[in-house]
Amino acid sequence: MTSFYHLFEDIALVAGSVGLILLAQQHLPGWAMLLAWPTYWFYTGLFGTGLWVLAHECGHGGFTASQAVNDAVGFIVHSFLLTPYYSCLLYTSDAADDS
């Protein structure tokens, strides 16, 4: 359950940062947006990296005890982030076989 808590926490933080920047666009003057956009990019990148790490751990079987759940969550989150899931699994399993 802890893994899902962290997943939903990161999703909520990304959604919250998107909501805040949309709100800021409506209410802040143009000069203030020069500070708001880099702040948004930084924090959304931070939370997005957290999502990627959780999805990556699904490929290693570290998210839950069920490989089916790991694959489903990993595939969905990687798809949302526009990064491959299954092709990376194939590459890493081939690399592990070589060592």
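Residues numbered from 1 in each chain as written. Predicted model: local features only at pLDDT ≥ 70, side-chain atom pairs only at ≥ 80, totals over all residues. Heavy atoms only, no water.

Examining the overall build of the chain
- Scanning the chain from terminus to terminus reveals four helices and zero strands.
- Looking at the chain as a whole, 26% of its 99 residues qualify as buried.
- Sequence separation of at least 24 residues holds for 48% of the intrachain contacts in the chain that already meet a minimum separation of 6.
- Accessible surface for the chain amounts to roughly 6,700 Å². Of this, 72% is attributable to carbon and sulfur atoms. (Helix = DSSP H or I, 4+ residues; strand = E, 2+ residues; numbered from the N terminus. Buried < 20%, exposed > 50% of the residue type's maximum accessible area, 1.4 Å probe, protein only. Contact = heavy atoms within 4.5 Å. Areas by Shrake-Rupley, 256 points an atom, 1.4 Å probe, with all protein chains shown as cover.)

Digging into a nonpolar patch on the surface
- A cluster of nonpolar side chains, W31, L34 and L35, forms an exposed patch at the surface whose accessible area comes to about 420 Å².
- For W31, a relative accessible area of 61% corresponds to the exposed category. (Patch = residues over 30% accessible without salt bridge, like charges linked within 9 Å, V, L, I, M, F, W, Y side chains within 5 Å. Salt bridge = Lys/Arg side-chain N within 4 Å of Asp/Glu carboxyl O.)

Thoughts on helix α2 (residues 30-59)
- With 30 residues, α2 extends 43 Å from end C-alpha to end C-alpha; this agrees with the ideal 44 Å at 1.5 Å per step.
- Looking only at α2, the buried set comprises A32, M33, A36, Y40, T44, F47, G48, L51, L54, A55 and C58.
- Next to the buried residues of α2 lie α1 (2-27) and α3 (67-80).
- G61 sits one or two positions beyond α2 and adopts a positive phi of about 80 degrees. (Expected span 1.5 Å × (residues − 1).)

Here's the deal with α3
- For α3, built from 14 residues, the straight-helix expectation of 20 Å at 1.5 Å per residue is met to within 8% by its first-to-last C-alpha distance of 20 Å.
- Residues of α3 that are buried: N70, D71, V73, G74, V77 and H78.

Thoughts on the side chain of T44
- Inspection of the secondary structure assignment puts T44 in helix α2.
- Take T44: its relative accessible area is 18%, and that puts it in the buried class.

Some points on the packing of α2 against α3
- The N-to-C vectors of α2 and α3 enclose an angle of 145 degrees; their axes lie 8 Å apart at closest approach. For the crossing formed where α2 meets α3, the hand is left-handed. For the pair α2 and α3, the contacting residues are L51, W52, A55, H56 and C58 in the first and Q67, N70, V73, G74, V77, H78 and F80 in the second.
- The residue inventory of the contact of α2 with α3, partitioned by class, reads seven nonpolar, five polar and no charged. (Axes fitted to C-alpha atoms, helices over the stretch in contact; angles between N-to-C directions. Left-handed = near helix turned anticlockwise from the far one by under 90°. Nonpolar A, V, L, I, M, F, W, Y, C, P; charged D, E, K, R; others polar.)

So, the nonpolar core
- Counting residues in each nonpolar core, the largest one holds 11 residues, listed as L7, V14, F47, L51, L54, A55, C58, F63, V73, V77 and Y85.
- Looking at this core, the elements with two or more residues in it are α1, α2 and α3.
- Setting aside its immediate chain neighbours within four residues, Y85 contacts A55, C58, G59, Q67, N70, D71, G74, F75 and H78.
- Counting residues in each nonpolar core, the second largest holds five residues, with I21, M33, A36 and Y40 among its members. (Core = buried A, V, L, I, M, F, W, Y, C linked by side-chain atoms within 4.5 Å.)

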